[in-house]
Amino acid sequence: MKIGIVGAGFVGSAAAYAMVMRGVGTEIVLVDRNQDLAVAQAEDIHHATPFAYPMPVNAGDYEALAGSCVVVLAAGANQRPGETRLELLERNAAVFGDIIPRVLAAAPQAILLVATNPVDVMTQVSLEIARRTSPDFPVGKVIGSGTILDTARFRALLAKHLGISPKSVHAHVLGEHGDSEVLHWSGADAGAMPISDFADQVGHPLTDAVRAEIDQGVRGAAGKIIKGKGATWYGIGGGLARIVQAISDDERAVMTCSVVNPEVAGVQNVALSLPRIVGLEGVLGTIHPHLDKGEMAALSRSAGILKEAVTTLGIK
Ligand SMILES: NC(=O)C1=CN([C@@H]2O[C@H](COP(=O)(O)OP(=O)(O)OC[C@H]3O[C@@H](n4cnc5c(N)ncnc54)[C@H](O)[C@@H]3O)[C@@H](O)[C@H]2O)C=CC1
Ligand SMILES: CC(=O)C(=O)O
């Protein structure tokens, strides 16, 4: 499966590297308005293939995306220290107005996998732009990475506290990939039992203080990392490679990512993350988890914030 990546900066290149390391796809093409950067990244990543999975990794123009089954969109501005993701919206919506018609002219059947922030709103913007030329463009073929990264952070921090593998922790972050995200504590489990029972058994209870620390560790991760090194890329690179793998292997894996929902928590037509079934055609289904009252109110608030942001662009 051929994978295209538009935006060969930190995120796009980390995604390509993670795909090569995991053996996701059979060919990668990097596109960037800075062609020298795209060429340099492609060559550097290609040099890692003998240590991982041999596959061509090339830079090219939009025409080189022809035949891609998935195109990752990681172009545009990233946050400066102290900036929120939503503050990037106007700049990155303009970038996508330029990019998406060119991607779809070259690869009209491709699944668009959006990483650019604010990722939920950019997912909705991407669907709008795609539907200008193809009114029936399937909603499940425009996927935002959404909270795949926040879910990974949540699982990693819970696992560290419990002293177990993050692969044995099942816990989701829902809603916005951003400040209003919702940690779904009431649905979290480990070892097929509620996470708080598991925590008590292994002698590491989830006290209010521990929960607050983990919440801050998840919600504040991007700000902390950006303060330290200017941007984040490894976590999301791994997450994007994992989503592409689920698509290319038609896994029907359940993962939290963003698509436009007809209605969530009383808010109509808004993109945000819920658990999705992901396979060859993109998002094949959505799971509506049981939420407690506080989580449901928080999800409704998160949906409202995203709706307000997308409405500023004239999208209803
Ligand atoms: N969804 C998520 O979980 C995460 C999303 N991000 C977001 O990913 C995006 C990219 O971040 P970085 O890679 O750190 O930024 P970066 O600045 O390293 O890379 C962005 C690339 O986009 C290219 N670009 C800009 N406008 C373009 C256009 N019109 N056509 C083609 N290429 C264009 C630039 O030349 C640059 O190489 C940002 O919006 C950032 O906030 C970052 C981390 C996590
Ligand atoms: C930058 C960003 O969105 C993140 O690391 O969560």
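An unreviewed UniProt entry annotates the protein as L-lactate dehydrogenase originating from Skermanella aerolata. Its UniProt record gives the protein a comment under Pathway (unreviewed entry), which states: "Fermentation; pyruvate fermentation to lactate; (S)-lactate from pyruvate: step 1/1." Regarding the protein, the relevant UniProt record gives this comment under Sequence similarities (unreviewed entry): "Belongs to the LDH/MDH superfamily. LDH family."

A.B. asks: It is not clear to me how the domain arrangement of the protein should be interpreted in this structure. Could you clarify?
C.D. replies: Interfaces are often described in size by the accessible area the parts lose on coming together. As far as domains go, the protein holds domain 1 (2–144) and domain 2 (147–313). With centres defined by C-alpha atoms, the gap from domain 1 to domain 2 works out at 22 Å. Contacts between domain 1 and domain 2 engage 37 residues on the former and 42 residues on the latter. At the boundary of domain 1 with domain 2, total buried surface from both sides reaches about 3,200 Å², with 71% on carbon and sulfur atoms. By the criterion of area lost to domain 2, the three top residues of domain 1 are Arg-85, Asp-120 and Gln-124, representing 22% of everything that side buries. Seen at the junction of domain 1 and domain 2, the total is zero salt bridges. Linking domain 1 to domain 2 there are eight residue pairs in polar contact (both at pLDDT 80 or more). Counting only elements with at least two residues in the side of domain 1 that touches domain 2, the list comes to α1 (10–22), β4 (70–73), α3 (89–106), β5 (111–114), α4 (119–133) and β6 (142–144). The residue inventory of the side of domain 1 that touches domain 2, partitioned by class, reads 24 nonpolar, eight polar and five charged.

A.B. asks: Quick question: what am I supposed to make of the pattern of salt bridges here?
C.D. replies: It is possible for side chains bearing opposite charge to pair when their charged atoms get close. A full pass over the atoms with the stated rule returns four salt bridges. As a salt-bridge pair, Glu-83 and Arg-91 come within 2.7 Å of each other at their nearest N and O atoms. Classification of Arg-91 by relative accessible area gives partly exposed; the value is 42%. Glu-251 is the partner of Arg-242 in a salt bridge, and the nearest nitrogen-oxygen pair spans 2.8 Å.

Conventions adopted
Residues numbered from 1 in each chain as written. Chains lettered and ligands numbered in written order. Predicted model: local features only at pLDDT ≥ 70, side-chain atom pairs only at ≥ 80, totals over all residues. Heavy atoms only, no water. UniProt positions renumbered as here; feature names shortened; annotations may be inferred. Domains from an automatic or database assignment. Contact = heavy atoms within 4.5 Å. Buried area = accessible area lost by both parts, 1.4 Å probe. Salt bridge = Lys/Arg side-chain N within 4 Å of Asp/Glu carboxyl O. Polar contact = N/O pair within 3.5 Å; in protein donor to acceptor, adjacent residues only side chain to side chain. Helix = DSSP H or I, 4+ residues; strand = E, 2+ residues; numbered from the N terminus. Nonpolar A, V, L, I, M, F, W, Y, C, P; charged D, E, K, R; others polar. Buried < 20%, exposed > 50% of the residue type's maximum accessible area, 1.4 Å probe, protein only.

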